[in-house]
Amino acid sequence: MSKAWGGRFSQATDPRVERFTESISFDARLAAVDIRGSQAHARMLAQVGLITASEAEQLCRALDEIAGEIGRGELPFDTALEDIHMHVETALIARLGDVGRKLHTGRSRNDQVATDLKLYVRDAIDLLDGLLHDLQVAFVERSTDDLDVILPGYTHLQRAQPVMAPHYWLCYCEKLARDRERLADCRRRVNVSPLGAAALAGTSLPIDRFLTAELLGFSHPAANSLDVSSDRDFLIEFCSALAQIAAHLATWAEEWILWCTTEFGFLKLPDAYTTGSSIMPQKRNPDVLELIRGKAARVLTSPARLLTLVKGLPLAYNRDLQEDKLAVFDALDTTVACLELAPAVVLGATLQRERIAARLEEGFLDATVLMEYLIGRGVPMRTGHETVGKLVRLCETRGCRLGDLSLSELQTACPAIEAGVAGVLGVANAVRALTSFGSGGAGAVRQQLDQWRQRLNLAPLA
Ligand code: ARG
């Protein structure tokens, strides 16, 4: 088979080199965006008079047919044709002859592959935004069911202060909202057209890059052809946004894995989202959550992989850049797979309400609110901290709770304490006392939940 670039070569390519340099095995998925880009390019070529309107028509129609063939798996891929761009162009020339040979006018594979990637990433961002939205909805719906459940809050994985269960769920909504913002921000920089930068220097032909940018829904054409030919910032940025999503999902997965242990006993996953052991009959393993945590490794390393790829590359295009797709597609596919499963896990899990409640009074979750009660009665914060610390120590030696101490014992420790102290002792009282904006108390959490339902266009709660 003669190569598109065969003119100046007298020897055929070594088949091992063909196998080594091919990218069709992983860039075939760019076919649809490649064809979209080519159709815009053909329309522009006709508009500026480089081809006729009827030639543009033939090109666009044939490209549609080729898209159908590839979609149905009817176009055979061949490593001799290197990549998706050459496959499409070769199929076009096979159909249209000389008209097909005109498509690549005023363009190179360098701006073409950048255009394809930008179109592909732009679609991926829109898909991810929807998946993140769906996961937020799952957490918000869960919140509505768990409005009356109190959970221990932790720092250093030690019991700290109580919060209403939806405070945990809405915490993830916040994180996912920032993930969506990061993607939206990334999208603005993705949405600049590389097409027509040609190989690296632009072209002497009278192309209209503003027109192709417009036809493809880009905000404007990129201003510097050298930059287009070498730029993979948008992929690094995109993968960084994916990495942040994966890190959030891994945190959630890890937390729920812990909560599913006998030791915590907070959560039960539905059978459909757990698996058994081949030897231990009693096991129900949280494999989906473990793999969400584990697969994050692929996503988290993708920015480093891309940065390593571009670091120190001379301008402009270098073949190294072909490797970018492997990192991006793996990170994208992994993130999408995790996000597709996550909402069902969020909605399907059940809180073990009784087990949680039975041990809620352990760990002095009310100690901080007791200290704040003292502050409210004029005790300096540091003094109150020390006083409550001593009371906790007393309880520990006795094996009791703060609420079990008598009023006179409390008053001996601090004369400012009055009978009303009973209103802040015990976990239910302690969580009720939390009223600041954004806190884990029932009122503040309900306010956040109402806001989230509004933000996500869900019906308001009664
Ligand atoms: N398959 C190539 C890639 O993914 C397309 C660009 C090839 N350009 C070139 N000058 N060989 O990067």
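See the structure shown above.
Since we're looking at a predicted model, the values are computed, not measured.

### Some words on the packing of helix H10 (residues 233–259) against helix H12 (residues 324–348)
A packed helix pair is summarised by two numbers, namely the angle formed by the two axes and the spacing between the axes.
Moving on, step 1. Packing of H10 against H12 leaves a shortest axis separation of 10 Å and a crossing angle of 35°. Crossing of H10 against H12: the hand is left-handed. Here Leu235, Phe238, Cys239, Leu242, Ile245, Leu249, Trp252 and Trp256 of H10 lie close against H12, whose contacting residues are Asp324, Val328, Ala331, Leu332, Thr335, Cys338, Leu339, Ala342, Val345 and Val346.
Moving on, step 2. Looking at the contact of H10 with H12, its residues break down into 16 nonpolar, one polar and one charged.

### Considerations on the pattern of salt bridges
Moving on, step 1. One pass over the structure, following the stated rule, counts 33 salt bridges.
Moving on, step 2. Ionic pairing is found between Arg109 and Asp83, a salt bridge with its closest N-O pair at 2.7 Å. Here Arg109, found in helix H6 (residues 109–145), pairs with Asp83, found in the loop between helix H4 (53–71) and helix H5 (84–96); they are 26 residues apart in sequence, far enough to count as distant.
Moving on, step 3. Looking at Arg109, the relative accessible area reads 22%, which means it is partly exposed.
Moving on, step 4. Looking at Asp83, the relative accessible area reads 5%, which means it is buried.
Moving on, step 5. For Asp185, the salt bridge identified is with Arg189, shortest N-O distance 2.8 Å. Here the residue Asp185 and the residue Arg189 both occupy positions in helix H7 (residues 165–190), the gap between them amounting to four residues, near one helical turn.
Moving on, step 6. For Asp185, a relative accessible area of 31% translates into the label partly exposed.

### Remarks on the side chain of Ser230
Moving on, step 1. Along the chain, Ser230 turns up in helix H9 (residues 225–230).
Moving on, step 2. On the basis of relative accessible area, Ser230 is assigned to the buried category, the value being 18%.
Moving on, step 3. Separated by 2.9 Å, the side chain of Ser230 and the backbone oxygen of Leu226 make a polar contact.
Moving on, step 4. When neighbours within four sequence positions are excluded, Ser230 is seen to be in contact with Leu315, Ala316, Tyr317 and Leu321.

Rules of the game
- Residues numbered from 1 in each chain as written.
- Predicted model: local features only at pLDDT ≥ 70, side-chain atom pairs only at ≥ 80, totals over all residues.
- Heavy atoms only, no water.
- Axes fitted to C-alpha atoms, helices over the stretch in contact; angles between N-to-C directions.
- Helix = DSSP H or I, 4+ residues; strand = E, 2+ residues; numbered from the N terminus.
- Left-handed = near helix turned anticlockwise from the far one by under 90°.
- Contact = heavy atoms within 4.5 Å.
- Nonpolar A, V, L, I, M, F, W, Y, C, P; charged D, E, K, R; others polar.
- Salt bridge = Lys/Arg side-chain N within 4 Å of Asp/Glu carboxyl O.
- Buried < 20%, exposed > 50% of the residue type's maximum accessible area, 1.4 Å probe, protein only.
- Polar contact = N/O pair within 3.5 Å; in protein donor to acceptor, adjacent residues only side chain to side chain.

Keep in mind these values describe shape, not function.
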